[in-house]
Every structure is written in C-alpha cells, then in structure tokens.
Amino acid sequence: MPSDSTLRIVWIYPDLLSTYGDQGNALVLEQRARRRGIDAEVVHVRSADPVPETGDIYLIGGGEDRPQILAAERLRRDGGLHRAIARGAAMLAVCAGYQIMGSTFGGEEGQPVDGIGVLDISSTRGPARAVGELVAEVDSALNLPTLTGFENHMGVTQLGPGVKPLSQVVTGVGNGNGFEGCYAGHVVGTYLHGPALARNPALADLLLTWSAGDLPPLDDRWYEALRTERLSAVLPR
Ligand code: GLN
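So, how was this worked out
- Residues numbered from 1 in each chain as written.
- Predicted model: local features only at pLDDT ≥ 70, side-chain atom pairs only at ≥ 80, totals over all residues.
- Heavy atoms only, no water.
- UniProt positions renumbered as here; feature names shortened; annotations may be inferred.
- Helix = DSSP H or I, 4+ residues; strand = E, 2+ residues; numbered from the N terminus.
- Rg over C-alpha atoms; globule rule 2.2 N^0.38 Å.
- Contact = heavy atoms within 4.5 Å.
- Areas by Shrake-Rupley, 256 points an atom, 1.4 Å probe, with all protein chains shown as cover.
- Lys, Arg positive; Asp, Glu negative; His and termini not counted.
- Charge placed at Lys NZ, Arg CZ, Asp CG, Glu CD.
- Pairing = 2+ DSSP bridges.
- Salt bridge = Lys/Arg side-chain N within 4 Å of Asp/Glu carboxyl O.
- Buried < 20%, exposed > 50% of the residue type's maximum accessible area, 1.4 Å probe, protein only.
- Phe/Tyr/Trp six-rings, centres within 6.5 Å; stacked < 30°, edge-to-face > 60°.
- Lys NZ or Arg CZ within 6 Å of the ring centre and 35° of its normal.

The name recorded for the protein chain in an unreviewed UniProt entry is Lipid II isoglutaminyl synthase (glutamine-hydrolyzing) subunit GatD, from Nonomuraea endophytica. Here the protein chain is described in UniProt, under the heading Pathway (unreviewed entry), as follows: "Cell wall biogenesis; peptidoglycan biosynthesis." In its Subunit (unreviewed entry) section, the UniProt record describing the protein chain reads: "Forms a heterodimer with MurT."

In structure tokens, the structure reads:
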C-alpha cells in the first residue's frame, strides 16, 4: 500500500469493459477494506486516460468484441498496467479483460488480436457460446471455497506453463478444457461474472490480503445467503 495508506483500487476502462455488473467488483473490494478500517478509494480510468502505475488492486471487466479489441490496443500503447503488475500490484481480470491479459484472443470474426501479454495464456473462439451458471473448485493451494458465477463468452483459453489453473469446473465451461481461470503471482483471470467478488467474497479477501496483509473475518451472512441460493440452483442436492 502507498505511504498515505489509502488502498487504491483501479477500475480500468468503465467506458469499454463493464458487462454484467463487473464494476461491482470495485464496490465489494472498497467495502470489504473499509469494514476492516482500511481507507480505500476506487479510481475510474476511462480509455482515453493513462493507467496509473501506483494502484494497489487493478480490475478489468467483460465486454463485447469490438470494445475488447480497442481496450487491448489502448492498454498495450499505454503500458501503465504492465508496469503496475511488474511491481507486484494485484489484479482481477474478468472475461474479455481476462483474454486481453494473454498473448492473443479471437476478434469479432475470430481473427487473432494481440493481447497485452501479462499472463501466459492465449484465447481463440470456441465452437459455441458458453452461457450460464459456472461452478468450480479452486486450486487447493489458494485455500478458497467453491467459486460461483455467471459466464457468457465465445472464447476458449489455453494456459501456458507460466500460469496455474485457478479452478476445476464442476458446472459450466470456463476455459473450455475442464479448468476455469488462471493465476500467476498476484494476477487472477476468470470468466466469472456475478459480479465475481460479490459471489465469492473469499476471492476479494485474497486480493485484499495480497495488498494489505492479513485481515480479520467479516460477518458475511448476506454473501453466504447469495452463495447458497446460487449454488443450490445448479448443483444436485
Ligand atoms: N468477447 C469475448 C468472448 O466472447 C468476451 C465476452 C465477455 O466479456 N462477456 O469470448
């Protein structure tokens, strides 16, 4: 965290990438920090503006094919996000934003488009749109409960040796090969909307812990009610 001890959450390109309420991820982080007495602010970075390098947690969301291509071009040209990640900032990248973190992804006609190359992944268009509830069991090294969310994407994502799968799919498609999402260092990529951090507050706390150190538990009964309802809607009883 910076010396003024305000946790800076950077929400990248709300004007291009913000489908399915992904911006809620910023609210969840801000609120979960404040409930622990940590000062937090959300910085909205529109696509015409430079990405600040001094943020603590960076967020990027899902979007349609054309805004996704534009966002990738602008992030590549800007370079601020690369520098922030290189100095150890945490990041959650969702769906289109997740694909952009890799080397390439499929454009609106399936043409390969350059990503920004901060995760060792590449994405192409899959055989069919993946749409619906997604449930996955997280890599045991991260010690997180079952992931729940909503997915809607054409892309499938191949993981290289530089990343680990975030989770194993129970219901849904995810990356398209039995796994969902990936992580490397303090960067997490996922296909989960929901928004992901409202459905999975433990993932929010992982990002906060990477930035602010150990945190006391919170009363999460409302989050738990949402999780129980969503999980029971898709899992056999
Ligand atoms: N355009 C990408 C795809 O279809 C991402 C979609 C999204 O972000 N919801 O794979």
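Let's shift gears to the overall build of the protein chain. Each helix and strand counted, the protein chain has seven helices and eleven strands in total. Taken over the C-alpha trace, the protein chain has a radius of gyration of 16 Å; the compact-globule value for 237 residues is 18 Å, and the two agree within 12%. Taking as baseline every contact in the protein chain between residues at least 6 positions apart, the subset at least 24 positions apart corresponds to 70%. Carbon and sulfur atoms make up 51% of the accessible area of the protein chain, which totals about 10000 Å². For the protein chain, the separation between the mean place of its 20 positive charges and that of its 28 negative charges on side chains is 2 Å.

Once that is clear, we can look at the UniProt feature "binding site: substrate" (unreviewed entry) in the protein chain. Following the UniProt record, one finds the feature "binding site: substrate" (unreviewed entry) at Arg129. In this fold, Arg129 is placed in strand β7 (residues 121-138). Leaving out residues up to four positions away in the same chain, Arg129 has contacts with Asn152, His153 and Met154.

Alignment of strand β9 (residues 164-171) against strand β10 (residues 179-184), held across four bridges, turns out to be antiparallel. Across the sheet, Ser167 pairs through a bridge with Glu180, a residue of β10. Note that β10 and strand β11 (residues 187-190) share three bridges and pair antiparallel. Bridge assignment links Cys182 to a residue of β11, and that residue is Gly189. Taken together, β10 and the strand that follows it, β11, pair antiparallel across an intervening segment of two residues, in which Gly185 is found at a positive phi of about 55 degrees.

This part covers the pattern of salt bridges. This model, assessed by the stated rule, comprises 13 salt bridges. In this structure, Arg199 engages Glu133 in a salt bridge whose closest nitrogen and oxygen atoms are separated by 3.0 Å. Of this pair, Arg199 sits in helix α5 (residues 196-199) while Glu133 sits in strand β7, placing them 66 residues apart in sequence. According to the relative accessible area criterion, Glu133 is buried, its value standing at 18%. With its nearest N and O atoms 3.1 Å apart, the salt bridge here joins Arg230 to Glu133. Taken together, the residues span a long stretch of sequence, with Arg230 in helix α7 (residues 221-234) and Glu133 in strand β7 at a distance of 97 residues. Taken together, the shared-partner salt bridges connect Arg32, Arg36, Asp205 and Asp220 into one network.

The next subject is the packing of aromatic side chains. If you walk through the whole model with that rule in mind, you get two aromatic pairs. Sitting above the plane of the Tyr223 ring, Arg32 keeps its charged end 4.9 Å from the centroid.

Moving on, we get to the UniProt feature "domain: CobB/CobQ-like glutamine amidotransferase" (unreviewed entry) in the protein chain. Following the UniProt record, one finds the feature "domain: CobB/CobQ-like glutamine amidotransferase" (unreviewed entry) at residues 8-200. Annotated as residues 8-200, this span is 21% helix and 39% strand, and its ends, taken at the C-alpha atoms, are 21 Å apart.

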